[in-house]
Amino acid sequence: MLSQQDATLPLTQEALLHRIANRIRQSLELETILSTTAAEVRAYLGTDRVKIYQFRPDEHGVVVAESLQGDRLPSLLGLHFPADDIPRYARELFIRARQRSIVDLGSHEIGISPLNCPETGEAITTADIRYRPVDPCHREYLTAMGVKSSVVVPIVLEGEAAGSYNLPSLQSSKQLWGLLVSHHANPRVVTEAELQFIQAVVDQVAVAIAQSVLLEQVRAQARQEANMNQVTAQLQMSPTVNWQDALEAASDTLSAGGRLYLFGDSCSPKEIYTNGEQPALIDPAQNRSIEENLLWQQYLHSALEQPSDETGHKPWSVEWMRAVYELADPAHNFKPIASSWAVNDLYKEPLCRTLAPFFDGTSIRSALIIPLKHGAQIIGCLTFFRSEIQTETQWAGYHDPDTRQLMPRQSFEGWRQLKKGQAQHWTEEEIKYAQALGERFAATIKQYRLYQQVQALNTNLERQVEERTEALKQQSGQLQQSNTELERVVERQMTLSRIVAKIRESLDIDTIFQTATQELNTVLKAERVAVYRFNADWGGEFVSNYEAVAPEWQSNGQLGVNTVWNDTHLQDTQGGRYRTGANSVVHDIYQQGYAQCHLDLLEQFQVRAFMAIPIFAGQTLWGLLGVYQHSATRQWRTSEIKFVSHIAEQLGVALQHAELLAQTRHQADQLAQTLNDLKQTQVQLFHSEKMSSLGQLVAGIAHEVNNPINFIGGNLTHIHEYTHTLLKLLQAYQQQIPTPSPDLLQLLEDSDLAYIEEDFPKLCASMRMGTERIREIVQSLRNFSRVDEAEVKAVDLHEGLESTLLILQHRLKLVSGTPIEIEKHYETLPPVHCHAGQLNQVFMNLIGNAIDELETTEKDHPVSRVVTVSTRCAEAGWVEVSIKDNGRGIAEDIQAKLFDPFFTTKPMGKGTGLGLFISYQIIEKHGGQLICQSQPEQGTEFIIKLPC
């Protein structure tokens, strides 16, 4: 069992652990952190040696930090230990179980204390230290080191925090970085508190190591960025690029030699730049470099995009060559990084067996080949070389791997192992960095080659100019003229580009023609540029806003603008020579052989020289583009004529585009109008059918009711006469028989004859009034339907208004709340020729809408609700009907949509949105106007204006 310390120890451990943590945080340098940790732990434990042992990628280890107590034990700092000293199964337990071991050779026992379960990797809640006899081999190993007591605690990092120290393990998320080991020359009992303290320190150290690894990664990345910026600065110093300096700068950042090979092309020869030791030429007679080896060439071009074959790889890639030549499994023996080939040892790489001989006699041992690609072209190759090195390792005692399992280490006396001709391997970070360098070089090479081509063109041009100057010393003026012409060509091309761009930006013909004439006037330094347009009979005129004139000639007026030029020859020939695309170029009008009448016309506008170029819109001759000189004659150059012809062609294209656009817009407008007409026709048919059915129904009801009412009205007169006769006869009987029998007397008393005599005439009068009222309603219905009248006739509008009000009378009286009043202001109106039934429909819609509005706004207008119907004679031959309510009014933005079909302000289910639309159509059909005037909270007025 482990002994227990006194109760004050945890406080001392806590303070010491806090001090160690503070000292670790004070430094970011791993060496300082580890040395501090070893010294603090040894001082606390009081042992002879505390060391920190770090594993290397090849699984051997090295002591990277150590603290000693005097000279009781020899120093192991910097000594390497073979991987077999700590078997793989032990390393796996260090990772999976984070197993600690305590060896006491005094009791010949070893204590095993795992933090995690070896099977599951889960943390163990209770410490379970199991003791067993120490292995004889282990005992002999420690004895040979002079150690009697030891404590070993693993330092485990999580995931990628281990950096480049990753070792193979079944626990891919954890990595064994190293061990913290305490040695003592005498037997010693290690307490549980001491073990916990060491574990706590190790946990702090693991965090510090992880931070240090991340810091080193950040520093390495910063160094790479600084190196990349340095090389980039070399590449961008000037267009010519000092490739030698750029290559040396790139090579220095990788601590390697370098080689830059640029492929030749039709304009430039191949170029080779070297830094450091280089391979031999593969063919000195033909000066063939190693990059021209077939294998090298095929590999370089495999970097281009191409499909994979049956091997699953791109032909001539490293993976493809390994698979085809069956040298090794690419998946296990080669890790490609982008489009580069890292050869760690030229003499051990089977694919390089044909290349290795060219490196004989050099110390080059490893190579990094980077194809330089730009787009779909290989433009060169960037190669870095590293020479072989001598490695010197100081081992802790001689180690014979052939006898490592037969006996333990006999001695730990240090010895130096010297290895010559060792290859320097390329790391993944170096390969990625070199690949980024290759991308910078490739981009710069492309610019460099373009610059070379430009320079070559310039050099060629300069040479030609020099030769021409030498050959034509007496004609320097012509050379200057040639240069001027070249500038003019460039300027004309730019002008043409601007005009084409303007055509693409806008299809506005005026803008395009104005731009073209102004640009022509500026570039050609002409005194006037004008556009002549043919008309249907092949006469024509100059378009005013298409003309561009030099400032000094603006006072001369425009060239016959708005004057029709009826050239009989052009009219007879429908365009004359221009119809076939021919130009008219005149250098001097007086040398052209024109008739005097023609010269008089040209002199009228002070034209001395001109050229006229036809403008075709497709195959049709549209007009002429004219360039004019007033002050003097002018010898028009061929290049100027071609330039103006190009402009005319572009104007023709613009005309075609504009025509197509106009046709498309016209068709679109026609389709939209047709669709709108169809919608209106559909609505009108629907309403006409509806109103026709309603009119027939109203007319039928009026007819059917009219017959019985006429019968009743006609018989009321006879009933009144018969009743009056019977009453007179009854009075005569009463006078003749003053004392009737008791039965008759009782019957007279029961019948209340006196009341009947008084009330029956009133009853007849009431029946007569009722029949008259029904007859008026029937007449109103017939007036409203107008089915018995002609299509168009002279109508009294007041009669239609009264009929409509009579039909809507029930809505005025039966409405809840304050009754709706009807105010009438009629003036004497002449008869109006119209469709009476349709106008009655308009009155019905407008008055009905006014009543709907007042019913809706009853709460807002509790005092009075009034519909005012007015008529008046307007200007001569026109009448107006006004229907106004004192409701809420209509907002201005809504008024614009009132007469749109299916638009309604009524609640859902209350209106169809067709009433005002149909009313508007009816009034418009009669040649009138339907106007809405309204202000919020001031009511709404609809005014119908009709011609008599």
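Up top is the structure.
The structure presented is a predicted model; accordingly, all values stated were derived computationally and were not measured.

A. Structural view of the overall build of the protein. Helices and strands together make up the secondary structure of the protein, namely 22 helices and 28 strands. When contacts within the protein are restricted to residue pairs at least 6 apart in sequence, long-range pairs at least 24 apart make up 65% of them. Carbon and sulfur atoms make up 52% of the accessible area of the protein, which amounts to about 51500 Å² in all.

B. Up close: the nonpolar core. Core analysis: the biggest nonpolar cluster contains 37 residues, and L797, L846, F942 and I944 have the highest contact counts within it. Where this core is concerned, the elements lending two or more residues are α18 (797–807), β24 (832–834), α20 (836–856), β25 (865–873), β26 (878–885), α22 (915–925), β27 (929–934) and β28 (940–947). Per-element accounting of this core gives the leading share, nine residues, to α20. Look past the residues within four positions of I944 in its chain and what remains in contact with it is V842, F843, L846, V879, E880, V881, I923, Q929 and L930. Listed in part, the 33 residues of the second largest apolar core include L496, F513, I641 and F643.

C. Here's a closer look at the sheet that holds β28. Strand order across the open sheet formed by five strands is β23-β25-β26-β28-β27, with mixed pairing between neighbours. The strands lining the two open edges of the sheet, one partner per strand, are β23 (820–825) and β27. Strand after strand, the sheet turns through a mean of 15 degrees between neighbouring axes, direction not considered. The pairing of β25 with β26 spans seven bridges and is classified as antiparallel.

D. Quick peek at the side chain of T517. For T517, the location among the structural elements is in helix α12 (residues 509–523). You can call T517 buried: its relative accessible area is 1%. A polar side-chain atom of T517 sits 3.0 Å from the main-chain carbonyl oxygen of Q514. When sequence neighbours within four positions are dropped, the list of residues in contact with T517 reads V529, V531, Y546, E547 and A548.

E. Fine view of helix α4 (residues 136–145). Buried within α4 are the following residues: Y141, L142 and M145. For α4, the angular spread of buried residues about the axis comes to 90 degrees, placing them on one side. The inward-facing, buried residues of α4 abut β1 (49–55), β3 (80–81), β4 (100–104), β7 (149–158) and β8 (174–184). One or two steps after α4, the chain reaches G146, where phi turns positive at roughly 80 degrees.

F. View of the pattern of salt bridges. Counted according to the given criterion, the structure contains 25 salt bridges. Notably, a salt bridge pairs K270 with E292, separated by 2.4 Å at the nearest N-O pair. With a gap of 22 residues between them, K270 in the loop between β9 (257–262) and β10 (271–275) and E292 in the loop between β10 and α7 (294–301) connect regions that are remote in the sequence. On the basis of relative accessible area, E292 is assigned to the buried category, the value being 19%.

G. Inspection of the packing of aromatic side chains at higher detail. Tallied over the full model, the rule gives 16 aromatic pairs. Arranged with centres 5.2 Å apart and planes meeting at 55 degrees, the rings of Y299 and W341 form a pair that is tilted. Taken together, the residues Y299 in helix α7 and W341 in strand β11 (residues 341–343) connect sequence positions 42 residues apart. There is no split in this pair, since Y299 and W341 are both buried. The positively charged end of K51 is found above the aromatic ring belonging to F81, 4.7 Å away from the centroid.

H. Representation of the environment of G539. Mapped onto the elements, G539 comes out in the loop between β16 (528–534) and β17 (540–542). Exposure remark for G539: the relative accessible area of 0% places this residue in the buried category. Sequence separation between G539 and D572 is 33 residues, and the spatial gap between their C-alpha atoms is 9.9 Å.

I. The arrangement of helix α6 (residues 243–254) in detail. Here α6 contains twelve residues, and its C-alpha end-to-end distance of 17 Å stays within 8% of the 16 Å for a straight helix at 1.5 Å per residue. For α6, the complete set of buried residues consists of W243, A246, L247, A249, A250, S251, T253 and L254. Looking at the buried positions of α6, the neighbouring elements they touch are α5 (192–235), β9, β10, β13 (377–387) and α10 (428–471). S255 sits one or two positions beyond α6 and adopts a positive phi of about 50 degrees.

J. Summary view of the packing of α5 against α6. Packing of α5 against α6 leaves a shortest axis separation of 9 Å and a crossing angle of 175 degrees. Classed by the angle they form, the pair α5 and α6 counts as roughly antiparallel. When α5 is examined against α6, the residues N227, V231, Q234 and L235 are found in contact with a partner set consisting of W243, D245, A246, A249, A250 and T253. Considered class by class, the residues forming the contact of α5 with α6 number six nonpolar, three polar and one charged.

Parameters and conventions
- Residues numbered from 1 in each chain as written.
- Predicted model: local features only at pLDDT ≥ 70, side-chain atom pairs only at ≥ 80, totals over all residues.
- Heavy atoms only, no water.
- Helix = DSSP H or I, 4+ residues; strand = E, 2+ residues; numbered from the N terminus.
- Contact = heavy atoms within 4.5 Å.
- Areas by Shrake-Rupley, 256 points an atom, 1.4 Å probe, with all protein chains shown as cover.
- Core = buried A, V, L, I, M, F, W, Y, C linked by side-chain atoms within 4.5 Å.
- Buried < 20%, exposed > 50% of the residue type's maximum accessible area, 1.4 Å probe, protein only.
- Pairing = 2+ DSSP bridges.
- Axes fitted to C-alpha atoms, helices over the stretch in contact; angles between N-to-C directions.
- Polar contact = N/O pair within 3.5 Å; in protein donor to acceptor, adjacent residues only side chain to side chain.
- Arc of directions from axis to C-beta.
- Salt bridge = Lys/Arg side-chain N within 4 Å of Asp/Glu carboxyl O.
- Phe/Tyr/Trp six-rings, centres within 6.5 Å; stacked < 30°, edge-to-face > 60°.
- Lys NZ or Arg CZ within 6 Å of the ring centre and 35° of its normal.
- Expected span 1.5 Å × (residues − 1).
- Parallel < 35°, antiparallel > 145°, perpendicular 65-115°, else oblique.
- Nonpolar A, V, L, I, M, F, W, Y, C, P; charged D, E, K, R; others polar.

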